[in-house]
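Here is what each chain is made of, one letter per residue.
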Amino acid sequence: SSGINAEYGRDSHGVAQVRFITGNKILRIMKKKGRGTTLPEDLYSLIKKAVNIRKHLEKSRKDKDAKYRLILVESRIHRLARYYKRKKVLPPTWKYESSTASALVA
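Residues numbered from 1 in each chain as written. Predicted model: local features only at pLDDT ≥ 70, side-chain atom pairs only at ≥ 80, totals over all residues. Heavy atoms only, no water.

Draft legend 1. Spatial organisation of the pattern of salt bridges. In total, this model carries 2 salt bridges according to the counting rule given. We note a salt bridge from glutamate 74 to arginine 54, for which the minimum N-O separation is 2.9 Å. With glutamate 74 in helix α5 (residues 64-86) and arginine 54 in helix α4 (residues 41-59), this residue pair connects regions lying 20 residues apart in the sequence. A residue is classified by how much of its surface remains accessible, and glutamate 74, at 14% relative accessible area, is buried. Looking at arginine 54, the relative accessible area reads 31%, which means it is partly exposed. A salt bridge links aspartate 65 to arginine 69; its shortest N-O distance comes to 3.7 Å. Of this pair, aspartate 65 and arginine 69 both sit in helix α5, separated by 4 residues, roughly a single helical turn. (Salt bridge = Lys/Arg side-chain N within 4 Å of Asp/Glu carboxyl O. Helix = DSSP H or I, 4+ residues; strand = E, 2+ residues; numbered from the N terminus. Buried < 20%, exposed > 50% of the residue type's maximum accessible area, 1.4 Å probe, protein only.)

Draft legend 2. View of the environment of alanine 101. Within the secondary structure, alanine 101 sits in helix α6 (residues 98-105). Given the relative accessible area of 1%, alanine 101 is considered buried. Alanine 101 sits 51 residues away from alanine 50 along the chain, and the two C-alpha atoms are 8.3 Å apart. Apart from residues lying up to four places away in sequence, alanine 101 is in contact with Ile47, Val51 and Tyr96. (Contact = heavy atoms within 4.5 Å.)

The following block contains the structure:
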């Protein structure tokens, strides 16, 4: 997914803004090469975070703070998804479900 690829050039090579070098945004370049994703990077990383917290909660059920953080992260996911649906980046039928989330970021 684009989250991983976009981070590669930016993070490991110290390129702050790909746009300044290429004149094109990184997602545009990746879409042109067919490497684009259906999920925007910020949404992708939030879902990844939620999946990790859920995995942690399976092992440590009593961790109340993690449970609280999961609620916060998931409400950010829902809010961002609402925004992307409004901007027509996500299809109107797209829905975040914790049961299918790990497949989205795998």
